Amino acid sequence: MFDTKENFKEAFKKELVMQLGKPVSQATDADVYRILGMMIRERIGEDWANTNQRLKAAKAKQVYYFSMEFLIGRQLGNNLLSLGVLELVRDGLQELGFDLDSAEEEESDPGLGNGGLGRLAACFLDSLAAQQLPGHGCGIRYRYGLFEQKIVDGHQVELPDYWLQRGNVWEVCREDKKVEVRFGGEVQMTERDGRLHFELAGYESIWAIPYDIPVIGSGSSHVNTLRLWSARPAKTPIKPNNGSYYNYLNYYRSVESVSEFLYPDDSEFEGKLLRLKQQYFLCSAGLQSILRTFDKLELPIECLPDKAAIHINDTHPTLVIPELMRILMDERSCSWEEAWQITRRAVSYTNHTTLSEALEKWPGVMVKQLLPRIYMIIEEMNKRFCAELLERYPGDQNRISQLAIVYGDQIRMANLAIAGSYSVNGVAALHTEILKKREMKAFYELYPERFNNKTNGISHRRWLMHANPALARLITEAIGSRWIRQPREMIGLIKYAEDRGFQDNLHEIKRGNKLRLAKYVRERLHISIDPDSIFDVQAKRLHAYKRQLLNVLHMMHLYNQLKDNPSADITPRTFLFSAKAAPGYYLAKNIIKLINTVADTVNRDRTVRDKMKVVFLENYSVSLAEKLIPAADVSEQISTAGKEASGTGNMKFMMNGALTVGTLDGANVEMHEMLGDDNMFLFGLRAEQVMEYNQSGEYSPWHIYDVDLRVKEVMDQLIQPGRFCPEGQDFESIYQSVLHHQDEFFVLKDFASYVEAHLRIDLAYRNARDWLKKSALNIAHSGKFSSDHTIKQYATGIWQIEPLILQRRK
Ligand code: 26V
């Protein structure tokens, strides 16, 4: 073990020889990465086993966070940070002639998530472990993560992301803990001892193999587990006739496809059979593993909810509800009522969206074919639920059909999740209010006590201490180190917001981060960007509601202005974008092409080169975010009000001292409550106004096109040869979506207000002292968005779990 630089160096050299047979002089960055990984494994192995032992001995209640996505990012740096040895390892390596940052670059970044929802799950795991809360992740070990994005001629091209290619030092395969998951077949009913028994026959059986990843608690010896399941063929059905070798191979391939790849989040929900298989695979395997742990406690089954909280991250794992019912009734001889009681006391659910087109609805026939017993249970749940509703709301057919779990031939997963759980939470105050008042009004009226808000949060360890170590040091120099354990203490920075010395340091740190990013951009894209220009960043999934288009139209307008008046007095700007579009989302891909086209035109024009640059960074990922966010001056959070459930990027930028230009949407509302109008740049319609326009149908984008010449000019440029259509490419689909399809997301409506907000930014940046003060105030208030705080609220308000007795790391 190592706790000083010297004994680290010794241990490292020894390990290098033992594991790889190499002296220091021959080691590559990849070797350094692997050896550090192994050293960390050795170091925490005992703590990991001890944590599990202590949890068992204490019979502690544990939370199991079920999620189809865990966007955990690279592990090396954060694990070193949690172990409190990051700096000594960095220094030790340097003395041996290695650079820790380069070694970190050797780790592949597991893209096991799409965006906010997946990253939130990862921040939650980090916070659970840091607070010694017994909480584990339950997910899928996809062989291919979210696609790798390349930009070719301005277009997005998707490549498979085979992240496991070079192995994974952080995982342990627990072959001995595999479980069986069954698909298809027929339900056979028999009567025995006066009871009906249900058994599945003629099913297809597959193994779920768990791979465990340790989640190391920062500053303690607590280690939780992220368990990811991988599909493998089980008992091969021997069929004499069609049992040819090639048929078997096909069968193996079809089984393995269950954990083959992560589905990209599309603009609309699509009922794909394989995705349903993945969801059931996760739910069934995860529950079996929970029950195995519970059985060791030798308690009666009705105590399950006192020992296990089962949380579902959005509706994707909602099948835990009927699956738990099935296990309890068919395998543990519970009656329907007993099983229902237990299930409803064990499961809680987080909603992440109000976009109706994204709500999951599975065709009944599909569920019936793939999961016949589960389908029966869902039907029975629906029957009993509707009977209750009829009693409560006699004659109110309209309300009952809104609430029903099965409607037509569709199973509504959100309805199932609410009916079968004890808690439903939204992810920001505004979002929860919208759920209660609109999207889920009927459910709120039925079960008001189930609804609650838990505003999202982010791990300040990854997004500040790891991504921006210089800023973390500056904070500690100013207010001491207590903020690391109690991030809300960052509020103490308010005192320094006007301190010149502090401001100068803050400026230097931001400049350093901008230089680092500029180098990255130059090396990859051969574009040089000015570190003294405003770095204005929009980085997030590409979706119409997130309105990257509004940002582009504004850039086009700015460029038009510069062409009309080359000596216009504007503060130099660098607009940076990073975003993946779902492969089948045509409009989103067209917007990526537009950003790249505008970038080409602007960057090639020497007359504006001191004033404006546009950069699109390909392949947005956790590791790219860690480079981009610390370098931002301006954070673009410009969704149509009411559409972004919370946003978490907004919090990451704020914590790194960027100022937000944004709408009153998601968690921006809560940022604004703390910061006021002076410290962020608000614009655009409010959520209620959007709602009113939607109801009245009174908004016409054509009207704005007719009266605002700036709007007419940029809209026409989308379809006419000229500045932004050098090769005659057209952006017809974008033009259509705005003008012919009623501008669903109010891009034109908010344009003028957005342009005006940018003028305020332009002026504000000229006053460097005042800008730094605003930046410092943003950082000071960002502690409220630490996921440590969010997790505490989940722990006490939903899960009723407690920290395991405090044990400091030796
Ligand atoms: C939808 C689908 C549709 C089918 C195929 C696969 C797939 C995967 C993911 C999704 C939904 C993604 C939802 C999501 O990421 N929501 C975001 O959650 C964040 C954390 O709560 C929140 O901050 C963002 O506002 C919200 O958009």
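Treat the numbers as computed from the prediction; the structure is a model and nothing was measured.

1. With respect to the overall build of the chain
Alright, step 1. When its secondary structure is counted, the chain shows 33 helices and 23 strands.
Alright, step 2. Relative to the compact-globule value of 28 Å for 810 residues, the chain shows a C-alpha radius of gyration of 27 Å, a close match.
Alright, step 3. Dimensions of the chain along its principal axes, counting C-alpha atoms only, are 90 × 75 × 60 Å.
Alright, step 4. Counting every position in the chain, which comprises 810 residues, the buried fraction comes to 59%.
Alright, step 5. Sequence separation of at least 24 residues holds for 77% of the intrachain contacts in the chain that already meet a minimum separation of 6.
Alright, step 6. The averaged location of the 106 negative side-chain charges in the chain is 3 Å from the averaged location of its 101 positive side-chain charges.

2. Some points on the pairing of strand β3 (residues 145–152)
Alright, step 1. When β3 meets strand β4 (residues 155–161), the two strands line up antiparallel, connected through six bridges. Paired with Gln149 across the two strands is Glu158, which belongs to β4.
Alright, step 2. Hairpin geometry of β3 and β4 is characterised by an intervening segment of two residues between the two adjacent antiparallel strands and by a positive phi of about 50° at Asp153.

3. Some details on a nonpolar patch on the surface
Alright, step 1. A cluster of nonpolar side chains, contributed by Val152, Val157 and Leu159, occupies part of the molecular surface with about 200 Å² of accessible area.
Alright, step 2. Of note, Val152 is situated in strand β3.

4. Re the site of the ligand
Alright, step 1. Residues in contact with the ligand amount to 19 residues; listed here are only the nearest, His352, Asn456, Glu644, Ser646 and Gly647.
Alright, step 2. In the environment of the ligand, an oxygen atom lies 2.6 Å from a nitrogen or oxygen atom belonging to the side chain of His352.
Alright, step 3. Within the side chain of Asn456, one N or O atom sits 2.8 Å away from an oxygen atom of the ligand.
Alright, step 4. For the shell around the ligand, the leading source of residues is helix α6 (residues 116–130), giving three residues.
Alright, step 5. For the shell around the ligand, the class distribution of residues is seven nonpolar, eight polar and four charged.

5. Some remarks on the packing of helix α1 (residues 5–20) against helix α2 (residues 29–57)
Alright, step 1. Contact pair α1 / α2: the axes reach a minimum separation of 10 Å and the direction vectors enclose 105°. Relative to α2, the element α1 is oriented roughly perpendicular. Where α1 approaches α2, its residues Phe8, Ala11, Phe12, Glu15, Leu16, Gln19 and Leu20 are matched on the opposing element by Asp31, Val32, Arg34, Ile35, Leu36, Met38, Met39 and Glu42.
Alright, step 2. Of the residues that constitute the contact of α1 with α2, the class distribution is ten nonpolar, one polar and four charged.

6. Looking at the sheet that holds strand β13 (residues 361–363)
Alright, step 1. Spatial ordering of the open sheet is given by β13-β15-β14, a layout of three strands whose pairing is antiparallel. Looking along the sheet, the strands with just one partner apiece sit at the ends: β13 and β14 (406–407).

7. Thoughts on the nonpolar core
Alright, step 1. With 194 residues, the main nonpolar core has Phe12, Val89, Phe281 and Trp799 as its most contacted residues.
Alright, step 2. If you tally residues by element for this core, the top one is helix α8 (residues 273–295), at ten residues.

8. Thoughts on helix α29 (residues 709–717)
Alright, step 1. Val711, Val714, Met715, Asp716 and Gln717 are the residues of α29 that are buried.
Alright, step 2. Taken together, the buried residues of α29 touch α22 (548–564), α28 (701–707), α30 (732–739) and α31 (747–766).

9. What about the pattern of salt bridges?
Alright, step 1. In the structure shown here, the tally under the stated rule is 53 salt bridges.
Alright, step 2. Here Lys712 makes a salt bridge to Asp716, at a shortest N to O gap of 2.8 Å. Here Lys712 and its partner Asp716 are both found in helix α29, four residues apart, which amounts to about one turn of the helix.
Alright, step 3. The class for Asp716 is buried, based on a relative accessible area of 11%.
Alright, step 4. One salt-bridge network, held together by shared partners, links Lys5, Glu6, Lys9 and Glu95.

10. Looking at the sheet that holds strand β22 (residues 659–662)
Pairing between sheet strands relies on hydrogen bonds along the backbone, with the strands arranged either parallel or antiparallel.
Alright, step 1. Spatial strand order, β20-β19-β18-β21-β22-β23: six strands in an open sheet with parallel pairing. The open sheet has two free edges, formed respectively by β20 (612–616) and β23 (681–682), since each of these has just one partner strand.
Alright, step 2. Two strands pair when backbone bridges link them, and strand β18 (residues 534–539) and strand β21 (residues 634–637) are joined in this way by two bridges, in the parallel orientation. Within β21, the residue paired with Val537 across the bridge is Ser635.
Alright, step 3. Sheet strands in contact with helix α32 (residues 768–781) are β21, β22 and β23, and its direction is about 85° off that of β22.

11. Structural notes on the environment of Gly139
Alright, step 1. As for its placement among the helices and strands, Gly139 is situated in strand β2 (residues 135–140).
Alright, step 2. On a C-alpha basis, the gap between Gly139 and Gly286 in space is 8.1 Å, while along the polypeptide they are 147 residues apart.
Alright, step 3. When residues no more than four places from it in sequence are discounted, the contact partners of Gly139 are Ser67, Phe70, Arg227, Leu228, Trp229 and Leu282.

The rules we used
Residues numbered from 1 in each chain as written. Predicted model: local features only at pLDDT ≥ 70, side-chain atom pairs only at ≥ 80, totals over all residues. Heavy atoms only, no water. Helix = DSSP H or I, 4+ residues; strand = E, 2+ residues; numbered from the N terminus. Rg over C-alpha atoms; globule rule 2.2 N^0.38 Å. Buried < 20%, exposed > 50% of the residue type's maximum accessible area, 1.4 Å probe, protein only. Contact = heavy atoms within 4.5 Å. Lys, Arg positive; Asp, Glu negative; His and termini not counted. Charge placed at Lys NZ, Arg CZ, Asp CG, Glu CD. Pairing = 2+ DSSP bridges. Patch = residues over 30% accessible without salt bridge, like charges linked within 9 Å, V, L, I, M, F, W, Y side chains within 5 Å. Areas by Shrake-Rupley, 256 points an atom, 1.4 Å probe, with all protein chains shown as cover. Salt bridge = Lys/Arg side-chain N within 4 Å of Asp/Glu carboxyl O. Near = heavy atom within 4 Å. Polar contact = N/O pair within 3.5 Å; in protein donor to acceptor, adjacent residues only side chain to side chain. Nonpolar A, V, L, I, M, F, W, Y, C, P; charged D, E, K, R; others polar. Axes fitted to C-alpha atoms, helices over the stretch in contact; angles between N-to-C directions. Parallel < 35°, antiparallel > 145°, perpendicular 65-115°, else oblique. Core = buried A, V, L, I, M, F, W, Y, C linked by side-chain atoms within 4.5 Å.

Everything listed here is a matter of geometry and, on its own, says nothing about what the molecule does.
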